[in-house]
Amino acid sequence: LKYVTLQTEENDFILSGHIDLTATSPTINSETTSKSFRIDLNNISVEANEDLIVYFLMPPVDLRNKPLNAVILKDNGYYQEIPLTGKNFEAGKPYELVATMMTEEEKPLVVDIKEAGTLGNGDYWFLWDYSSLKINGNLNGTDIRWIRKLAGRSEDGTATTGKLTYLDLTDANIVAGGDYYYKTSSGTEYKTENNVAGNYMFYFCNLKTIKFPTTITKLGEKVCAHLP
């Protein structure tokens, strides 16, 4: 784990300020505020079903009836936003908040593709930081090419900085059309066919788990070759 953040929709957290100690009831006069309050974990390793206790020492803040999330990031880029119950956090009192983080397999980010060939457009650039995805909809060669990049390999086999390791295409359909998704060193280009996981589709990618569409009727050659 890399960090855990408490996050609200408004600038509720005081990051800096001053206190008038001569006042009858001294309070913090804020100078800098933020929507988030974060603690770095320096890549702390936590086993499955193990509890991690993180202590926040923060200025008082009333978060009753306000959205509050715990945002937890792993070193592979996978993160979750977990809803919490906001409270009136008063000075001098301890409070406990509990957030249960699921694994990538239990809770991948779900992406619904409305039109084949659009996965690589600007609307989906945020996927670059995700390690676990469930993609629904029709996917052609252009989309598979982009998935390969997310999973660490471009269409010509060169390495990318993509972090994707878990891919669920159960409710997707592979359809013909679009660009080629892979090109060999000799120049042979591979394109998608309807309901076929074609030759070299995820060749040399960094994926550890792939769930193919339920509509697949054929697996080509070296679809998953050289996967870890």
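In what follows, the structure referred to is the one given above.
Residues numbered from 1 in each chain as written. Predicted model: local features only at pLDDT ≥ 70, side-chain atom pairs only at ≥ 80, totals over all residues. Heavy atoms only, no water.

Visitor: Would you take a moment to explain the pattern of salt bridges for this structure?
Guide: Pairing is possible between side chains of opposite charge, provided their charged atoms come close. The tally for this structure, following the rule as stated, stands at 9 salt bridges. Residue Arg38 pairs with Asp40 through a salt bridge whose shortest N-O separation is 2.9 Å. The salt bridge involving Glu90 is made with Lys93; its shortest N-O contact spans 3.5 Å. (Salt bridge = Lys/Arg side-chain N within 4 Å of Asp/Glu carboxyl O.)

Visitor: It is not clear to me how the sheet that holds strand E6 (residues 68–73) should be interpreted in this structure. Could you clarify?
Guide: Strand pairing in a sheet takes place through backbone hydrogen bonds and is either antiparallel or parallel in direction. In spatial order, the strands read E4-E1-E6-E7; together these 4 strands make up an open sheet with antiparallel pairing. Looking at strand neighbours, the two that pair on one side only are strand E4 (36–40) and strand E7 (79–84), the edges of this open sheet. Neighbouring strand axes in the sheet, compared pairwise and without regard to direction, differ in orientation by 15° on average. The pairing of E6 with E7 spans 6 bridges and is classified as antiparallel. Residue Ala70 lies in a different strand from E7, and its bridge partner there is Ile82. (Pairing = 2+ DSSP bridges. Helix = DSSP H or I, 4+ residues; strand = E, 2+ residues; numbered from the N terminus. Axes fitted to C-alpha atoms, helices over the stretch in contact; angles between N-to-C directions.)

Visitor: Which parts of the structure should I look at to understand the side chain of Thr118?
Guide: Inspection of the secondary structure puts Thr118 in the loop between strand E9 (109–113) and strand E10 (132–139). At a separation of 2.6 Å, a polar atom in the side chain of Thr118 contacts the main-chain carbonyl oxygen of Glu115. In this structure Thr118 touches Ile113, Tyr124 and Asp143, once residues within four positions along its chain are discounted. (Polar contact = N/O pair within 3.5 Å; in protein donor to acceptor, adjacent residues only side chain to side chain. Contact = heavy atoms within 4.5 Å.)

Visitor: Hey, could you run me through the nonpolar core in this one?
Guide: Soluble globular proteins tend to pack their nonpolar side chains together in the buried interior. In this structure, Ile135, Ile147 and Phe202 are the most contacted members of the largest nonpolar core, which totals 32 residues. Counting residues per element, this core draws most heavily on helix H1 (residues 141–150), which supplies 4 residues. Setting aside chain neighbours within four positions, we find Ile135 in contact with Val111, Ile113, Leu119, Ile147, Leu167, Asp168, Leu169, Asp171 and Ala172. Core analysis: the second largest hydrophobic core is formed by 9 residues, Phe13, Val61, Ala70 and Phe89 among them. (Core = buried A, V, L, I, M, F, W, Y, C linked by side-chain atoms within 4.5 Å. Buried < 20%, exposed > 50% of the residue type's maximum accessible area, 1.4 Å probe, protein only.)

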